[in-house]
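# Report on the structure
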Amino acid sequence: MVIKAPQEEAAREPCLTTRELSAYFGRSRVVSNVSIDFQDREVTAIIGPSGCGKSTLLRCLNRMHETLPGATTTGTVRLDGTDIYAPGADPIAVRRHVGMVFQRPTPFPTMSIRDNVAAGLKILGRGAPRGREAEGIVERALRHAGLWEEVKDRLDESAIALSGGQQQRLCIARALAIRPRVILLDEPTASLDPLSAQKVEELVYQLKQDIAVVIVTHNMQQAARVSDRTAFLLMGDLVEAAPTNTLFTAPSDPRTEAYITGRFG
Amino acid sequence: MGDAIASSGTSGGFARGRRVASLAGAAPGDRVYRVVITAFALMIPALLLLIAVAIGVAAWPALSAAGLSFITSSEWNVQAGKFGAAPAIYGTLVSSFIALVLATPLALGVAIFLSEIAPKWLRQPVAFLVDLLAAIPSVVYGLWGIFFLVPMLRDHVVPFFRDTLHLGNTPLFSGPAYGPSMLAAGVILAIMALPYISAVTREVLIAVPRSQRDAALALGATKWEMIWDAVIPYARSGIIGGVILGLGRALGETMAVTMVIGNRPEISASLLAPGYTMASLIANEFTEATSDLHLSALMAVGAVLFVITLIVNGMARWLVWRVASGPKS
Amino acid sequence: MSALRRRKAGNVFMLGLTYVAAVLATLPLLFILFHLLQKGASTLTPDFFTNMPRPVGEAGGGMSNAIVGTLILIAIAAAIGLPVGIGAGLYLAEKRGGALAMTVRYLSDVLNGLPSIVLGIFAWQFLVRPFGNFSALAGGIALGAMMIPLVTRTTEEMIRLVPNSLREAALALGYPRWRTSMSVILRTALPGIVTGALVAVARIAGETAPLLFTAFGNQFWSTTLDEPIAALPLQIFAYAISPYDEWHKQAWAGALVLIVIVLIISLAARHATRARFGSAAD
Ligand SMILES: Nc1ncnc2c1ncn2[C@@H]1O[C@H](COP(=O)(O)OP(=O)(O)O)[C@@H](O)[C@H]1O
Ligand SMILES: [Mg+2]
């Protein structure tokens, strides 16, 4: 585990920041006044008991929250300094910079493996890469997701023929193909067998060589293994965010300590 | 570059996102899409409104001229300009009633058979054959009715009721039996309504929870007692909904009825006498109508039919919905 | 003891009755198919498909114009019923519980329950009366109006079967909503929608009542949309109620062709590839 010296950390500029971010379903507030920074080329884990608002917080970071009925947000989220909730900001543009992968794999069932990876490129219209260029992007995205060797001979087959773990890595490749600045992973291994989960964890480690990764998990061991920083969420409140090592060895809040020692949740 | 990628397991910086400079965008696609699908959705109310207004306006002259006598009078005399639709309304109601009396027990039997009794391998084919009845065009039923059903009723069924069962003196079976008759219309409508009633009934029977059946069996009920005392009561209003749905179909049915009912605008107690229905009245006279009042009277018949089916279908939907949303009261 | 025996006998008797009901319910279909084959097959020569109707007294002849006319009417109806039905279905699936969606859903059911002859007089009032002549277009539009609620309903049902996770995945990839609907949701639901569309076509293909005062029928060859056009069901009706034996035979043959068309469409609907939602299904 790489532990960064505090001064080095302070010197770096976060690529995604939230200030006083709250999220609502109708009247009920499920995320309250969260202010947190996500560093470039780091993995940030969000942990907390089920229903504490982890997914909701994550979905506020690429404006997916607002696609649900009655869902609203207040506060700001800045991506490289630009407010993603500013009146002129287009949620579609936001989502192309902030990719997302869900708990259950979501390959498009009517598309081949190749078309799944290229799905995000195709909608660029005139500017969409074609032919060799598109092939190259698909290959690189699949390689990056560690899936290329397994599927290179059956790119034209249906994506739903893949195993669950392969499907999940396919979804990561699909998100990578449009070269996001940040990738959000919502319990990406929760529906996978241990071996597939391990592959995805290794992939997370690779991803942070290039981009910022935010991973939601309710598996504390996983958070400890893959993340540089960890944020602990409880009933919508951000209790504590710290370097992973610090949070797990010397939590500053008694509630964090109670949680990581298994006293509740 | 290609080699470098091929040799390294990872991207070599492929996935490095660019610093985000602008989040502007907003193509008008979504707004256009929303407007288009909303417009399509609005076409349905618009169409219904158009139908109601068009028929209402066209029917008005006849309705205002005849007043209430339009539905109470039996005199339909085009030359005299007298339009009383009572025989057609009566015929519509009676033929549909006969259809229900014949089709309901049969449909209930088939639905019970298919959902509770039939061996697995038999369910699919029998259900398919019954469902197929709904796919047969009404004009084909009419053709079959003219050349097979009507003669068969006249030559075999009616003599059986009259001579073997000695019912010839009752009003229902009195008078000459030419062939085309209220009875023939009722029988053909029964066949046509059967698949609708049995399909809905089958669905609601299947939806009855296991626990209802188990509870009855645990009390020592026979299979039939379980069906009759536990399953059917639970599904009752859904079944009634299915029957009324079948009624809605029967009321508006045109071609088959027109071809076998005899088309005579008289009210007769005998099932063997010819009759008329609202739909067949329109079908028969519309293209021959020359006077405006006659056309308007036919439109008014359409309006009455419209309103009756509206009420009947509304009732059916309400009953089916009640079952779908929980057990019977 | 005897009470128990009586109950058991009653059980066997009533269960037996349901077998009788099943047999009785399938009999009419078997009879109809048998009579169609018996009376229609012999008239069904290749000439029937290529020849025009002949006047009374001349043997032979066919229904080529009516077969083509029916296909044209189906095409017009589909051109109206499919886009409106699919569009409205998309709207209902997206807006689910909204007030307008509830109203449209209800009215779509109302439209579905409307007697087809009522649609016929409506189309006459709007599309025949003002122009002073019957037309293929008026007939096709009346049939199209019948298709709308059928297509709307299956489209909505099929779209609801598409897991919401697919919609979210597309949105998270930066798909605009319209694109999500078209390339992912509609595409995934397509097999089911095709089935629904075919069922709707099968249902209107044999409709006669809405055509009586719109398409009207035509003894001659016509494919012009603003003229009366022949249709198989109309021709069957006209021949069936005529007093001529020759024409009765033609009616049976026409009915056989119509039934085969409807059955082929219905079977195609059943076998249209079942929707695959794979492991993405929740
Ligand atoms: N679509 C929704 N509508 C209303 N409430 C919701 C919805 N989704 C989640 N919630 C509520 O928001 C809270 C946070 O949910 P979520 O972010 O999914 O938690 P987590 O991912 O930490 O398990 C929960 O209490 C949940 O009940
Ligand atoms: Mg969650």
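Above this text is the structure in question.
Residues numbered from 1 in each chain as written. Chains lettered and ligands numbered in written order. Predicted model: local features only at pLDDT ≥ 70, side-chain atom pairs only at ≥ 80, totals over all residues. Heavy atoms only, no water.

## A few points about the interface of chain B and chain C
- Facing 73 residues of chain B, the contacting portion of chain C comprises 79 residues.
- Both faces combined, the contact of chain B with chain C buries some 6800 Å², and carbon together with sulfur accounts for 80% of it.
- The interface formed by chain B and chain C includes one salt bridge.
- On the surface where chain B and chain C come into contact, there are nine residue pairs in polar contact (both at pLDDT 80 or more).
- By residue number, the principal contributor to the side of chain B that touches chain C is helix 2 (residues 29-66) of chain B, which donates 19 residues.
- Of the residues that constitute the side of chain B that touches chain C, the class distribution is 54 nonpolar, 11 polar and eight charged. (Contact = heavy atoms within 4.5 Å. Buried area = accessible area lost by both parts, 1.4 Å probe. Salt bridge = Lys/Arg side-chain N within 4 Å of Asp/Glu carboxyl O. Polar contact = N/O pair within 3.5 Å; in protein donor to acceptor, adjacent residues only side chain to side chain. Helix = DSSP H or I, 4+ residues; strand = E, 2+ residues; numbered from the N terminus. Nonpolar A, V, L, I, M, F, W, Y, C, P; charged D, E, K, R; others polar.)

## Examining unusual backbone geometry
Residues and elements named next belong to chain A.
- A positive phi angle, close to 50°, is found at Glu 20, a residue other than glycine.
- By the secondary structure assignment, Glu 20 is in strand 1 (residues 14-25).
- Its relative accessible area of 46% is what places Glu 20 among the partly exposed residues.
- Residues other than glycine seldom take positive phi values, yet Arg 41 does so here, at roughly 55°. (Buried < 20%, exposed > 50% of the residue type's maximum accessible area, 1.4 Å probe, protein only.)

## A word on the pairing of strand 4 (residues 71-79) of chain A
Residue and element names in this part refer to chain A.
- Sheet analysis places strand 1 next to strand 4, joined by eight bridges and oriented antiparallel. Bridging from a neighbouring strand, Tyr 24 pairs with Thr 72 of strand 4.
- For strand 4 and strand 5 (residues 82-83), the ladder comprises two bridges, and the chain directions are antiparallel. Its bridge partner lying in strand 5, Arg 78 is registered against Asp 83.
- Hairpin remark: strand 4 followed by strand 5, antiparallel, with two residues in the connecting loop; positive phi at Asp 80, about 50°. (Pairing = 2+ DSSP bridges.)

## Observations concerning the packing of aromatic side chains
- Tallied over the entire structure, the rule returns 17 aromatic pairs over all chains.
- Measuring from ring centre to ring centre gives 5.3 Å for Tyr244(C) and Trp247(C), while their planes differ by 85°; the resulting arrangement is edge-to-face.
- Tyr244(C) gets classed as partly exposed once you look at its relative accessible area, which sits at 35%.
- Aromatic ring contacts, followed pair by pair, group Trp144(B), Phe148(B) and Phe31(C) into a single cluster.
- Positioned above the aromatic ring of Phe108(A) is the side chain of Arg174(A), whose terminal nitrogen or guanidinium carbon lies 4.3 Å from the ring centre. (Phe/Tyr/Trp six-rings, centres within 6.5 Å; stacked < 30°, edge-to-face > 60°. Lys NZ or Arg CZ within 6 Å of the ring centre and 35° of its normal.)

## Quick look at the nonpolar core
- Ranked by internal contacts, the top residues of the largest apolar core, which has 284 residues, are Leu142(A), Ile183(A), Ile51(B) and Ile117(C).
- Ranked by residues supplied to this core, first place goes to helix 7 (residues 182-207) of chain B with 15 residues.
- Both domains that meet at this core, namely domain 1 (2-43) and domain 2 (49-274) of chain C, each give it at least three residues.
- Those residues within four positions of Ile117(C) in sequence are excluded, and the remaining contacts are Thr254(B), Ala279(B), Ile282(B), Ala283(B), Leu305(B), Ala209(C), Leu212(C) and Phe213(C). (Core = buried A, V, L, I, M, F, W, Y, C linked by side-chain atoms within 4.5 Å. Domains from an automatic or database assignment.)

## Quick look at the site of ligand 1
Residues and elements named next belong to chain A.
- If you check the shell around ligand 1, you find Phe 25, Val 30, Ser 50, Gly 51, Cys 52, Gly 53, Lys 54, Ser 55 and Thr 56 and nothing else.
- In the environment of ligand 1, an oxygen atom lies 3.3 Å from a nitrogen or oxygen atom belonging to the backbone of Cys 52.
- A distance of 2.6 Å separates an oxygen atom of ligand 1 from a polar side-chain atom of Ser 55.
- Examining the composition of the shell around ligand 1, we find that three residues originate from one element, helix 2 (residues 54-60), more than from any other.
- Taken together, the residues that form the shell around ligand 1 break down as three nonpolar, five polar and one charged. (Near = heavy atom within 4 Å.)

## Some words on the side chain of Gln235(C)
- Tracing the sequence through the fold places Gln235(C) in helix 9 (residues 232-240).
- Not counting residues up to four positions away in its chain, the partners in contact with Gln235(C) are Pro53(C), Met63(C), Ala66(C) and Gln219(C).

## Examining the side chain of Thr18(C)
- In this fold, Thr18(C) is placed in helix 1 (residues 2-40).
- Judged by its relative accessible area of 3%, Thr18(C) is buried.
- Look past the residues within four positions of Thr18(C) in its chain and what remains in contact with it is Gly109(B), Ile112(B), Phe113(B), Ile117(B) and Trp224(B).

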